[in-house]
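One letter stands for each residue in the lines below.
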Amino acid sequence: MLATLASPSSPALAAAAQSGQPAAATAPAAATAGQADPKTVVTFAWGGSLASQMPTLPMFREYGMHATFFVASGLVCLLSQAECQKSSPYLSLGDLRKISADGDEIGGLSVLHERLTGLPTAEAKREICDDRSNLYRWGLRPTDFAYPFAEVNRGLEALTSECGYNAGLGAGDLQGAGLCGTCAWAETIPPKNPLDVRAPIEVNSVRTTWSASTFESVVKGAQQHGGGWVVFTIHDLCPANCALGVTAPILGSVLKWLHGQSGRGTVVETMRQVIGGPLRPPVSGPAPRALPPSGVFNATLAKAKGSRPSCFQEAEYGGTAATFSYDPAGGLHGSGAETVRVTKSGSGNAKLLQKLDLGVCAPSVTSGRAYTARVWYKSSSPTRIEMYRRTSIGGWGYWVTSPPFRASASWRLASWTTPATPPGTAALSFGLTATAAGSQVTTTDYSLKIAKSHRALILLAGLLLVILAAGLITHGHYRYVRYNRAEAAADAAAEAEAAGLEAAAQEAANSQPAGPPVVSPPVVRPPVVRPPFIPPPAVRPPVANSGAANSAVNSGADQPPAADQRMAGQRAARAEPANDEGATAQFPAQPPA
């Protein structure tokens, strides 16, 4: 009966697998002499998010087994399945959905598969929480987490729980492949610390070479020492034995052997089946920190960690090899500077980039906006600004490259405005490239700012013109309406006055006695008689000092001669207009000439 309960086909174990509850609750945990073998659970944990893992699905299905695939969501290919197979070494979103549909477990592995122990707390939380949120958004239900590179501490355990996971997987804390001779042979069920599940070292790591017998020896050790839980951590399915990977023949041999161990109480389950627990809601990581005015953290390369500027990383692509050297005072005005020297050329290039992270160093941007990138440089050959973008999922990828900037032996500014960032862009990173063997480029003083949009200025000017025209039209219309109202009021007043006069005249006419109309005689005014016009006399020139004239003057005579009297009378007559009554106005006599 005990053997039946320990069998993988038993109803109790099947129910545990369906519910996700710990299998330990339905099976004995230890064996004594003469009793059935203790239960041993084996889990295959696939890390690295590599597409090469997909051929293992039918291998597990052949024996009715399932595995756990830990996924770094920032590495997942989001293109079409055909494009992903051509261009990406990582699992696609379609692959994840197929894995889940086949009954395998999808767990978290951080967004970018970075070492979490050396990160600030906020960045580590973004890596763990945002990864789980991404998986949850894709319709998956992650409940377990694997620490990248099996590096874990108390702080990461707490973050793993805060982000909604029920368990976290480590490695290297159990015996395996001849290492850690003082360690236990298996993890307990349930684990002593679910947030740091113990496991042997990763397959083909720490200078070990695994064969099918290596896997079998680890499981036999657990069987012989009271059973428990053994987790094999693998990253790749390789044509030949490779680091952290296994070949298809070795994996097939191990699965076949494990299937034959079912009679000894040994089963293969996912991590979720062993741990169980509820599905908790996703938790968002902290927002990225605010950018400085330059748009780039440590823009002058003044701060450094050892020989590397803080918030920057060295990058080599396409087989290109280079050396990187930092000078804390080699830049403009004593700022820091970094020199990249290419030692081996390939299909790619080498450069210094702002660190490709989730919010500590990479400059955050807004999708749909263009940005102007600037950096001061000296270069032995033409160079270009190469730009990378981070998506809203958290993954990084190459975006666009600028036109070339000429070589310069003295400091020169490279400035370039990008196209509008694609939808879903959350951050950018850029650097100046060095390509040919023997070439070098030295950089300092980086900046990244929103580009001024001439189109926006034109639209704004047009909008202002429309507003001004609308204001003028409104003002003119108001004046026109006011004038019309005033004119209408004046017309109404005139009409009212005319109506009043007409009414008064009618009333006066009605008050006269009946009879013939009275005709008033016309008023006859006498004609106005005006004297004829007589021109003024000619002015005589003064007479020379004659004796008669002198005598007349000196004699004091005040009467003018007769002719002068007549002229005076005529002038007086001209100055006396007649009034309507016939009276003549009296004016004083004209003074003597």
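This section reports on the structure supplied with the text. (Residues numbered from 1 in each chain as written. Predicted model: local features only at pLDDT ≥ 70, side-chain atom pairs only at ≥ 80, totals over all residues. Heavy atoms only, no water.)

## Re the overall build of the chain
From N to C terminus, the chain includes 13 helices and 21 strands. Across the 593 residues in the chain, those meeting the buried criterion constitute 40%. Contacts in the chain between residues at least 24 apart in sequence constitute 72% of all its contacts with a sequence separation of at least 6. Of the accessible surface of the chain, which amounts to about 31,400 Å², a share of 59% is contributed by carbon and sulfur atoms. (Helix = DSSP H or I, 4+ residues; strand = E, 2+ residues; numbered from the N terminus. Buried < 20%, exposed > 50% of the residue type's maximum accessible area, 1.4 Å probe, protein only. Contact = heavy atoms within 4.5 Å. Areas by Shrake-Rupley, 256 points an atom, 1.4 Å probe, with all protein chains shown as cover.)

## Notes on the packing of helix 6 (residues 121-137) against helix 7 (residues 154-162)
Packing of helix 6 against helix 7 brings their axes to within 10 Å, and their N-to-C directions diverge by 45°. Classified by the angle their axes make, helix 6 and helix 7 are oblique. Both helix 6 and helix 7 take part in a crossing whose hand is right-handed. For the pair formed by helix 6 and helix 7, the contact residues are Thr121, Ala124, Lys125 and Ile128 on the first element and Leu156, Leu159, Thr160 and Glu162 on the second. Tallied by class, residues from the contact of helix 6 with helix 7 come to four nonpolar, two polar and two charged. (Axes fitted to C-alpha atoms, helices over the stretch in contact; angles between N-to-C directions. Parallel < 35°, antiparallel > 145°, perpendicular 65-115°, else oblique. Left-handed = near helix turned anticlockwise from the far one by under 90°. Nonpolar A, V, L, I, M, F, W, Y, C, P; charged D, E, K, R; others polar.)

## Observations regarding the packing of aromatic side chains
Overall, the coordinates contain 12 aromatic pairs when judged by the stated rule. The interplanar angle of 45° and the centroid separation of 5.8 Å between the aromatic rings of Phe44 and Phe232 together place this pair among those described as tilted. Of this pair, Phe44 sits in strand 1 (residues 40-46) while Phe232 sits in strand 6 (residues 228-234), and the two are 188 residues apart along the sequence. Among the aromatic side chains, those forming a connected cluster through ring pairs are Phe44, Phe60, Trp210, Phe215 and Phe232. (Phe/Tyr/Trp six-rings, centres within 6.5 Å; stacked < 30°, edge-to-face > 60°.)

## Quick word on the pattern of salt bridges
For the structure on display, the rule yields 11 salt bridges. The partner of Arg198 in a salt bridge is Glu187, with the nearest N and O atoms 2.8 Å apart. Of this pair, Arg198 sits in the loop between strand 5 (167-169) and helix 8 (212-224) while Glu187 sits in the loop between strand 5 and helix 8; the two residues are 11 residues apart in sequence, bridging distant segments of the chain. Note that Arg308 is salt-bridged to Glu314, the shortest N-O span being 3.7 Å. Owing to a relative accessible area of 39%, Arg308 belongs among the partly exposed residues under this scheme. When its relative accessible area of 31% is taken as the criterion, Glu314 is described as partly exposed. Here the salt bridges do not stand alone but share partners, grouping Arg61, Lys98, Asp102 and Asp104 into one network. (Salt bridge = Lys/Arg side-chain N within 4 Å of Asp/Glu carboxyl O.)

## Overview of the sheet that holds strand 17 (residues 385-391)
The sheet built from three strands is open, its strands ordered 18-17-20 with antiparallel pairing. The sheet terminates laterally at strand 18 (396-401) and strand 20 (425-432), the two strands that pair on one side only. Across the sheet, the mean angle from the axis of one strand to that of its neighbour is 30°, orientation sign disregarded. Judged from the seven bridges that link them, strand 17 and strand 20 form a sheet pairing that is antiparallel. Of the residues in strand 20, the one forming a bridge with Ile385 is Leu432. (Pairing = 2+ DSSP bridges.)

## Quick word on the environment of Ile106
The residue Ile106 is located in strand 3 (residues 105-108) in this model. On the accessibility criterion, Ile106 (3% relative accessible area) is buried. It is 8.2 Å that separates the C-alpha atoms of Ile106 and Asp144, two residues lying 38 residues apart in sequence. Look past the residues within four positions of Ile106 in its chain and what remains in contact with it is Phe69, Val71, Leu96, Ile99, Ser100, Leu135, Leu140, Arg141, Pro142 and Arg272.

## What about the pairing of strand 1?
In terms of burial, strand 1 is largely enclosed, as seven of its seven residues are buried. Side chains Thr40, Val42, Phe44 and Trp46 of strand 1 all project onto a buried face; the interleaved residues Val41, Thr43 and Ala45 project onto the opposite face, where all are buried too. Pairing between strand 1 and strand 9 (residues 266-268): three bridges, direction parallel. Each bridged residue has a counterpart across the sheet, and for Val41 the counterpart in strand 9 is Val267. In this structure, strand 1 lies alongside strand 6, joined through seven bridges in parallel fashion. Residue pairing in the sheet places Val42 in a bridge with Val230 of strand 6.

## A closer look at the nonpolar core
The biggest cluster of nonpolar side chains holds 42 residues, and the ones touching the most others in it are Phe44, Trp46, Leu96, Phe215, Phe232, Leu251 and Leu258. For this core, the elements supplying multiple residues, two or more each, are strand 1, helix 3 (56-62), strand 2 (68-71), helix 5 (93-101), helix 8, strand 6 and helix 9 (248-260). With six residues, the single largest contributor to this core is helix 9. Dropping the residues within four chain positions of it, Phe44 is found in contact with Phe60, Ala67, Thr68, Phe232, Ile234, Leu251, Val254, Leu255, Leu258 and Val268. Counting residues in hydrophobic clusters, the runner-up holds 30 residues, among them Phe312, Val342, Phe405 and Leu428. (Core = buried A, V, L, I, M, F, W, Y, C linked by side-chain atoms within 4.5 Å.)

## Comments concerning helix 9
End to end, helix 9 covers 18 Å across 13 residues, agreeing with the expected 18 Å (1.5 Å per residue, within 8%). Within helix 9, burial applies to Ile250, Leu251, Val254, Leu255, Trp257 and Leu258. Down the axis of helix 9, the smallest arc covering the buried residues is 165°, so these residues share one side. Facing away from the buried side of helix 9 by more than 90 degrees, the exposed set consists of Pro249, Lys256 and Gly260. In this structure, the buried residues of helix 9 make contact with strand 1, helix 3, helix 8, strand 7 (236-238), strand 8 (245-247) and strand 9. If you check the start of helix 9, you find a side-chain oxygen 3.3 Å away from the backbone N of Ile250, and it comes from Thr247. (Expected span 1.5 Å × (residues − 1). Arc of directions from axis to C-beta. Polar contact = N/O pair within 3.5 Å; in protein donor to acceptor, adjacent residues only side chain to side chain.)

## Things to note about the packing of helix 8 against helix 9
Put simply, helix 8 and helix 9 touch, their axes get as near as 9 Å, and they point 30° apart. With respect to their mutual orientation, helix 8 and helix 9 come out roughly parallel. Considering only the axes of helix 8 and helix 9, their crossing is right-handed. Taken together, the residues of helix 9 that come into contact with helix 8 (itself represented by Ala212, Phe215, Glu216, Val219 and Lys220) are Ile250, Ser253, Val254, Trp257 and Leu258. Each residue belonging to the contact of helix 8 with helix 9 can be placed in one class, and the counts come to seven nonpolar, one polar and two charged.

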